[in-house]
Amino acid sequence: MTTETWTIVISAVGIVLTLGASLFAAGAWMIRRIDDRIDAVDEKLSTRIDAVDEKLSSRIDAVAADVTDLKISVARLEGPPRHLLTAGRG
């Protein structure tokens, strides 16, 4: 092979390596940015979900206490019938 052919082949390999390295670097940069954004969104959602969970837990506990009080009140109302007269007269 002549010197010109070697020069063309080496230049082509250099261009391919340069393009490959730059594409790899660009892909790594994009992945890192996407990961950073996903982490930020994940942190924000975790905070909001924790706040909603605490709020719902307190509401559910309040409803449970109200239901317990309601059950006690209903039990008092539905208790055994009160007799004004006793059947024991004879």
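Residues numbered from 1 in each chain as written. Predicted model: local features only at pLDDT ≥ 70, side-chain atom pairs only at ≥ 80, totals over all residues. Heavy atoms only, no water.

Enquirer: Looking at this structure, I do not really get the overall build of the protein. What am I missing?
Expert: Summing up its helical and strand segments, the protein has one helix and zero strands in all. Counting only residues that meet the buried cut, the protein has 0% of its 90 residues in that class. Summed over all atoms, the accessible surface of the protein reaches about 8700 Å², with 66% contributed by carbon and sulfur. (Helix = DSSP H or I, 4+ residues; strand = E, 2+ residues; numbered from the N terminus. Buried < 20%, exposed > 50% of the residue type's maximum accessible area, 1.4 Å probe, protein only. Areas by Shrake-Rupley, 256 points an atom, 1.4 Å probe, with all protein chains shown as cover.)

Enquirer: I'm lost on a negative patch on the surface in this one. Help?
Expert: On the surface, D35, D36, D39, D42, E43, D50, D53 and E54 cluster together into a negatively charged patch. Along the chain, D42 falls in helix α1 (residues 3-77). Exposure remark for D42: the relative accessible area of 47% places this residue in the partly exposed category. (Patch = residues over 30% accessible without salt bridge, like charges linked within 9 Å, V, L, I, M, F, W, Y side chains within 5 Å. Salt bridge = Lys/Arg side-chain N within 4 Å of Asp/Glu carboxyl O. Lys, Arg positive; Asp, Glu negative; His and termini not counted. Charge placed at Lys NZ, Arg CZ, Asp CG, Glu CD.)

Enquirer: Looking at this model, I keep getting lost on a nonpolar patch on the surface. Mind explaining?
Expert: Side chains of W29, M30, I34 and I38 sit close together on the surface and give an oily, nonpolar patch of about 420 Å² of accessible area. Its location among the elements puts I34 in helix α1. Residue classification places I34 among the partly exposed residues on the basis of a relative accessible area of 47%.

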